[in-house]
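One-letter residues, chain by chain:
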Amino acid sequence: MNHSSTEPEAEPIEPIRYLSKADAAAIETELLRDYRFGQQQLIEIWGHACAIAIAKAFPLSTLSKKQPTVLVVCGPEQNGSIGLVCARHLRIFEYEPTIFYPKRSSHSLHQDFTVQCEKMDIPFLSYLPTEVQLINDAYNLVIDAILGPETDHTDMREPYTSILLTLKQIKIPIASVDVPSGWDADEASTDGISPEVLISLTAPKKCAASFPGKHYLAGRFLPYDIQKKYELNLPEYPGTDCLIEL
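Residues numbered from 1 in each chain as written. Predicted model: local features only at pLDDT ≥ 70, side-chain atom pairs only at ≥ 80, totals over all residues. Heavy atoms only, no water.

## What to know about the pairing of strand E6 (residues 197-201)
Let me state the cut-off plainly: Burial classification: accessible surface area is computed with a 1.4 Å probe over protein chains only, and a residue below 20% of its type maximum counts as buried, one above 50% as exposed, and the rest as partly exposed. Think of it this way: any DSSP run of H or I at least four residues long counts as a helix, any run of E at least two long counts as a strand, and we number them from the N terminus. A pair of strands is treated as paired once DSSP finds two or more bridges between them.
Where burial is concerned, most of E6 is hidden: 5 out of the 5 residues are buried. With burial as the criterion, each face of E6 is covered, one bearing Val197, Ile199 and Leu201 and the other bearing Leu198 and Ser200. Sheet analysis places strand E5 (residues 174-177) next to E6, joined by 3 bridges and oriented parallel. In the strand pairing of E6, Ser176 is matched with Leu198. Two elements, E6 and strand E7 (residues 214-218), share 5 bridges in a ladder whose sense is parallel. Directly across from Leu198, in E7, lies its bridge partner His215.

Encoded structure:
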């Protein structure tokens, strides 16, 4: 027998909202100002969630090289600091990260994250090999924590233009933090790098709407009032997980 006619209709699930650059900035400002989150606290939450996403996407047992090496490329602003935190947690998860951080921030907060990595004996590269094969041979993957949504991709300067040129040529997988470097946060890119994995933080950005690779949403901490105010329609995270694959 068919009982379906008597069952209440399921509520239609609203699609997850992809944030514009302006909305992402507004949410962050609100978290810091009204909800009293600290900048360091947010970067720590995001970086830790990124490391878990990397461990999910690239489990230690599946890495092709003998050593579980990972290259983390960090930019000058907040995205770079998230990369530093990610590297520290990957070290705790028994990966072997190496950091390339060409323009270190003068911000004391970012310096603290750098010191934490140094104290974990994570090596820092003094330069990025332009010989792409050296990178392919030395590492299992690259984490792109270079230019986040806060960066104007049209105003990119050295050393980042050269770094992106190198990253476009490597054969090993790239995982990008929040926005693939060189992409406009508000629209999908055709000429930026092509990561295999994208880890969106808090809520995905507009540029990720047509992202073809493996896409994680990480950082499960947003107060419900903010979720409601911005109509984010975030997915249900499984159990106690701090990330979900979209």
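## Some details on the UniProt feature "domain: YjeF N-terminal" (unreviewed entry) in the protein chain
Put simply, the test is: UniProt positions are given in the numbering used here, feature names are shortened, and annotations may be inferred rather than shown by experiment.
Listed under "domain: YjeF N-terminal" (unreviewed entry) in the UniProt record, and renumbered for this structure, are residues 24-234. The distance from the first to the last C-alpha atom of residues 24-234 is 14 Å, and the span holds 37% helix and 15% strand.

## A few points about unusual backbone geometry
Cis geometry is adopted by the peptide bond preceding Pro159, which originates at Glu158 and carries an omega value of 5°. As for its position among the elements, Pro159 is in the loop between strand E4 (141-145) and helix H6 (160-169). Positive phi, close to 75°, is recorded for Glu94, a residue that is not glycine. Residue classification places Glu94 among the exposed residues on the basis of a relative accessible area of 58%.

## Re the side chain of Ser181
As a reminder, the rule being used: Any N or O atom pair separated by 3.5 Å or less is treated as a polar contact, with the protein-specific requirement of one donor-capable and one acceptor-capable atom, and with residues adjacent in sequence counted only for side-chain atom pairs.
Note that Ser181 resides in the loop between E5 and E6. Ser181 sits in the buried class, given a relative accessible area of 0%. Here Asp144 takes part through its side chain, which lies 2.4 Å from a polar atom of the side chain of Ser181.

## Digging into the nonpolar core
Test applied: Here the nonpolar core consists of buried residues drawn from Ala, Val, Leu, Ile, Met, Phe, Trp, Tyr and Cys, with membership extended through side-chain atoms lying within 4.5 Å. The contact criterion used throughout is that any non-hydrogen atoms of two residues lie within 4.5 Å.
Grouped together as the largest cluster of nonpolar side chains are 54 residues, with contacts concentrated most on Ile54, Ile99 and Ile143. With 9 residues, helix H2 (residues 39-57) is the single largest residue contributor to this core. For Ile143, the contacting residues outside a window of four places in its chain are Ile54, Val70, Leu71, Val72, Val73, Cys86, Leu90, Ala175 and Val177. In terms of nonpolar packing, the next biggest core, distinct from the first, is built from 18 residues, Leu128, Ile135, Tyr139 and Val142 among them.

## What about the packing of helix H1 (residues 21-33) against H2?
Heads up, the rule is: For helices, the fitted line uses only the C-alpha atoms of the stretch in contact; every axis is such a line through C-alpha atoms, and the angle between N-to-C directions lies from 0 to 180 degrees. Orientation categories follow fixed angle ranges, with anything under 35 degrees roughly parallel, anything over 145 roughly antiparallel, 65 to 115 roughly perpendicular, and all other angles oblique. Side-chain classes are defined by residue name, with Ala, Val, Leu, Ile, Met, Phe, Trp, Tyr, Cys and Pro counting as nonpolar, Asp, Glu, Lys and Arg as charged, and the others, Gly among them, as polar.
For the pair H1 and H2, the least separation of the axes is 9 Å and the interaxial angle reads 125°. Between H1 and H2, the angle is such that the two are oblique. Contacts from Glu28, Leu31 and Leu32 in H1 reach Gln39, Leu42 and Trp46 in H2. Grouping the constituent residues of the contact of H1 with H2 by class yields 4 nonpolar, 1 polar and 1 charged.

## A look at the packing of aromatic side chains
This is how it is decided: Stacked, tilted and edge-to-face are the three classes assigned to paired rings of Phe, Tyr and Trp, where Trp is represented by its six-membered ring and a pair needs centres within 6.5 Å; plane angles under 30 degrees give stacked, over 60 edge-to-face, the rest tilted. The rule is short: NZ of Lys or CZ of Arg within 6 Å of the ring centre and within 35 degrees of the ring normal puts a charge over the ring.
Applying the stated criterion across every chain, the model contains 3 aromatic pairs. Note on Phe37 and Phe221: the rings are 5.6 Å apart at their centroids and 65° apart in plane angle, and the pair reads as edge-to-face. Taken together, the residues span a long stretch of sequence, with Phe37 in the loop between H1 and H2 and Phe221 in the loop between E7 and helix H7 (224-229) at a distance of 184 residues. Neither Phe37 nor Phe221 differs from the other in exposure class; each is buried. Seen in terms of ring centroids, Trp46 and Phe221 are 6.2 Å apart; in terms of plane orientation they differ by 65°. Their pairing is edge-to-face. Highlighted residues: Trp46 in helix H2 and Phe221 in the loop between E7 and H7, separated in sequence by 175 residues. Owing to a relative accessible area of 15%, Phe221 belongs among the buried residues under this scheme. One aromatic cluster is present, built from ring pairs that chain together Phe37, Trp46 and Phe221. Over the face of the ring belonging to Phe124 we find Arg104, whose NZ or CZ atom lies 4.5 Å from the ring centre.

## What to know about the packing of H2 against helix H4 (residues 108-119)
The line we're drawing: Handedness of a crossing follows from how the near helix is turned relative to the far one, being left-handed for an anticlockwise turn of less than a right angle and right-handed for a clockwise one.
Following both chains from N to C, one finds H2 and H4 inclined at 40°, their axes separated by 10 Å at the closest point. When the axes of H2 and H4 are compared, the pair comes out oblique. The way H2 lies across H4 gives a crossing that is right-handed. Along its contact with H2, which presents Gln39, Gln40, Ile43 and Glu44, the element H4 presents Leu109, Phe113 and Gln116. Its residues assigned to classes, the contact of H2 with H4 comprises 3 nonpolar, 3 polar and 1 charged.

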